[in-house]
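So you can see what is in the structure, the chains are spelled out below.
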Amino acid sequence: MRTDPLARSDLARELASRADIPPERARTLPGHWYASAEHHAIEMDRVFRRSWIGVGLDDDVRPSGSYLSTTVAGVPVLVVRDEQGTLRAFLNACRHRGAPLADGHGNARALQCPYHAWVYRLDGSLARAGGVGAPEGFDTGCCDLFEVRVTTFARSILVNLDPEAPDFDPGPLGPGIDPYDLARLEVVIRDRYECACNWKVLLENYSENYHTPFVHSQLPAAGYEYPMREAGPIVFAWDRPLQPRDVSEEALATSAPGEPGWERVAERSAPESFTNGAYVTLFPNTMISMFAGYAATMRLTPTSPTTTLVEREHMWGHEHDERRRRADHAATRLVVDQDLAICAAVQRTYDGGISAHGVLSTEHERGVAYVHRLLVDALSRDELPRGGDASQTSF
Ligand code: FES
Ligand SMILES: [Fe+2]
């Protein structure tokens, strides 16, 4: 969708008014940013087509030949583990007449197009184009699949449709996840929810703990104290009780994710679910909740201006038995149901054409202000030219 010039100048004015504002001047976003098809299309272009977007877990494409198909802002993408074990991503579109090469998850020794059976190697190169005859200028070297940039962070696969985007950089808070040793955890349960709200309602909800005592009153009250750091694409928050057994309160106050001493924080195990945890928001669509021996990832896929697919993977260490796992999952489920209910209720306000014109708490909503800042920065970029991929080829 293209925006009309008037709407563009409104957006430009709104973005200019929000550029580089300090947290104490942070305000809620305009209501139509959560409901308008036109604004949604701009976000898909400027945010989802130009940022590192979580599309799955690298477990999903582990052995060579494994693949996973998905869409990012409507663009079909195929993630593949090639014969050398390298993770690759391509546009999921045959270089003949554009048919998708694969659907869902699977494993294959080569990628054969279902339409006219052109065959691609796992590295995306065209191996065979049976029956193509002799089109002028054609040879198999001209028609490799269009490559998409891909990397991994905390077991999540991230892709970026923008060939010009900077390499993925988690920033100084990235090492804060290391003590949780996610690689040793086993994915046991996956959940999918269709949520009746704009993706940003969920993103904001995850990036603050202000609502926890009210929306999740079953959780330990101590969780209300909620240190938080923001840097690069990450908001990193953790529960107050999460501290090394042998380190003073003062040390806790000065120990932050990625800093010396933080590695001992994760050693503290809790007798029950959710009495300690660390929470990472990786802008724009990936979240990771980490506890001792248990972690849950969460990905947001906008499916319309007012709906979002939420996918979660729950993983545990071997030290947690079936009973504990069931308890963790049930506790998570309750929390998610409570979050979805309040998020859907907030969305109804925006659907009604109302803006809150609200302020953000300087104590408890710094994470919200920060993801808004990242959003404003992303929206301030130009759109990617459509058809840019096709211009990469000389054929
Ligand atoms: S579209 Fe793939 S072989 Fe024709
Ligand atoms: Fe919540």
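Given the structure is predicted, the values throughout are model-derived calculations rather than measurements.

Rules and cut-offs
Residues numbered from 1 in each chain as written. Chains lettered and ligands numbered in written order. Predicted model: local features only at pLDDT ≥ 70, side-chain atom pairs only at ≥ 80, totals over all residues. Axes fitted to C-alpha atoms, helices over the stretch in contact; angles between N-to-C directions. Helix = DSSP H or I, 4+ residues; strand = E, 2+ residues; numbered from the N terminus. Parallel < 35°, antiparallel > 145°, perpendicular 65-115°, else oblique. Contact = placed C-beta atoms within 7 Å. Nonpolar A, V, L, I, M, F, W, Y, C, P; charged D, E, K, R; others polar. Buried ≥ 20, exposed ≤ 12 C-beta atoms within 10 Å, placed from the backbone. Pairing = 2+ DSSP bridges. Core = buried A, V, L, I, M, F, W, Y, C linked by C-beta atoms within 7 Å. Expected span 1.5 Å × (residues − 1). pLDDT = per-residue confidence, 0-100.

1. Considering the packing of helix α2 (residues 37-48) against helix α8 (residues 366-379)
Interaxial distance between α2 and α8 falls to 8 Å at its minimum, and their mutual angle equals 95°. Judged on the interaxial angle alone, α8 and α2 are roughly perpendicular. Where α2 approaches α8, its residues Ile42, Glu43, Arg46 and Val47 are matched on the opposing element by Leu375, Ala378 and Leu379. Here the contact of α2 with α8 is built from residues that sort into five nonpolar, no polar and two charged.

2. Overview of the pairing of strand β3 (residues 75-81)
For β3, a buried count of five out of seven residues is recorded, marking the element as mostly surrounded by other parts of the structure. Alignment of strand β2 (residues 66-72) against β3, held across six bridges, turns out to be antiparallel. Within β3, the residue paired with Ser69 across the bridge is Leu78. The antiparallel hairpin formed by β2 and β3 contains two residues in its connecting segment, where Ala73 sits at a positive phi of about 50°. Across five bridges, the pairing between β3 and strand β4 (residues 87-91) is antiparallel. When the sheet's bridge partners are listed, Val77 is paired in β4 with Leu91. Joining the antiparallel neighbours β3 and β4 is a turn of five residues, in which Gly85 adopts a positive phi near 90°.

3. A few points about the sheet that holds strand β5 (residues 105-107)
What the seven strands build is an open sheet, ordered β1-β10-β9-β4-β3-β2-β5; its pairing is antiparallel. With one partner strand each, in any of the chains shown, β1 (53-57) and β5 form the two edges of the open sheet. Adjacent strand axes in the sheet meet at a mean angle of 30° when their direction is disregarded. The sheet contact formed by β2 and β5 spans three bridges and is antiparallel. Bridge pairing in β5 places Tyr67 opposite Gly106.

4. Let's talk about the nonpolar core
The nonpolar side chains of a soluble globular protein tend to be buried with one another. By size, the foremost hydrophobic cluster in this structure holds 86 residues, and its most contacted members are Val77, Val79, Val159, Leu202, Val280 and Ala295. In terms of residue count, α8 provides more of this core than any other element does, six residues in total. When residues no more than four places from it in sequence are discounted, the contact partners of Val159 are Ile53, Val55, Val72, Val77, Val79, Ala89, Val148, Arg149 and Val150.

5. Quick look at helix α7 (residues 322-351)
The terminal C-alpha atoms of α7, which comprises 30 residues, lie 42 Å apart, in line with the 44 Å expected from a rise of 1.5 Å per residue. For α7, the set of buried residues is Asp328, Thr332, Asp339, Leu340, Cys343, Gln347 and Tyr350. Buried positions along α7 lie against β11 (186-195), α3 (199-206), α4 (212-215), β16 (294-304) and β17 (307-316). A positive phi of about 80° marks Gly353, the residue just after α7.

6. Observations concerning unusual backbone geometry
Between Phe283 and Pro284 the backbone carries a cis peptide bond, its omega angle lying at 5°. Mapped onto the elements, Pro284 comes out in the loop between β14 (278-282) and β15 (286-291). In the Ramachandran plot, Ala154 falls in the positive-phi region, its phi being about 50° despite a non-glycine side chain. Residue placement: Ala154 occurs in the loop between β9 (147-153) and β10 (156-160). One non-glycine residue, Arg155, lies in positive phi territory at about 70°.

7. Re the confidence of the model for the protein chain
Fine structural detail should not be taken from predicted coordinates in areas where pLDDT scores are low. Per-residue confidence for the protein chain gives a mean pLDDT of 88, with 86% of residues at or over 70. Every residue in residues 242-247 scores below 50 in pLDDT, and together they form 16 contacts with partners more than four places removed in sequence or on other chains. This model gives residues 387-395 a pLDDT under 50, and the stretch forms eight contacts once residues within four places in sequence are excluded.

8. Observations concerning the sheet that holds strand β8 (residues 126-128)
Here three strands make up an open sheet; going across it, the order is β6-β7-β8 and the pairing antiparallel. Two strands in the sheet have a free side with no partner beyond their single neighbour: β6 (111-112) and β8. Sheet topology note: the strand β7 (residues 119-120)/β8 ladder contains two bridges and is antiparallel. Within the sheet, the bridge partner assigned to Tyr120 lies in β8 and is Leu126.

9. Some details on the environment of Arg381
Within the secondary structure, Arg381 sits in the segment after α8. Looking at Arg381, the number of C-beta atoms within 10 Å reads 14, which means it is partly exposed. As a C-alpha pair, Arg381 and Val47 span 334 residues in sequence and 8.7 Å in three-dimensional space. When sequence neighbours within four positions are dropped, the list of residues in contact with Arg381 reads Arg46 and Arg50.

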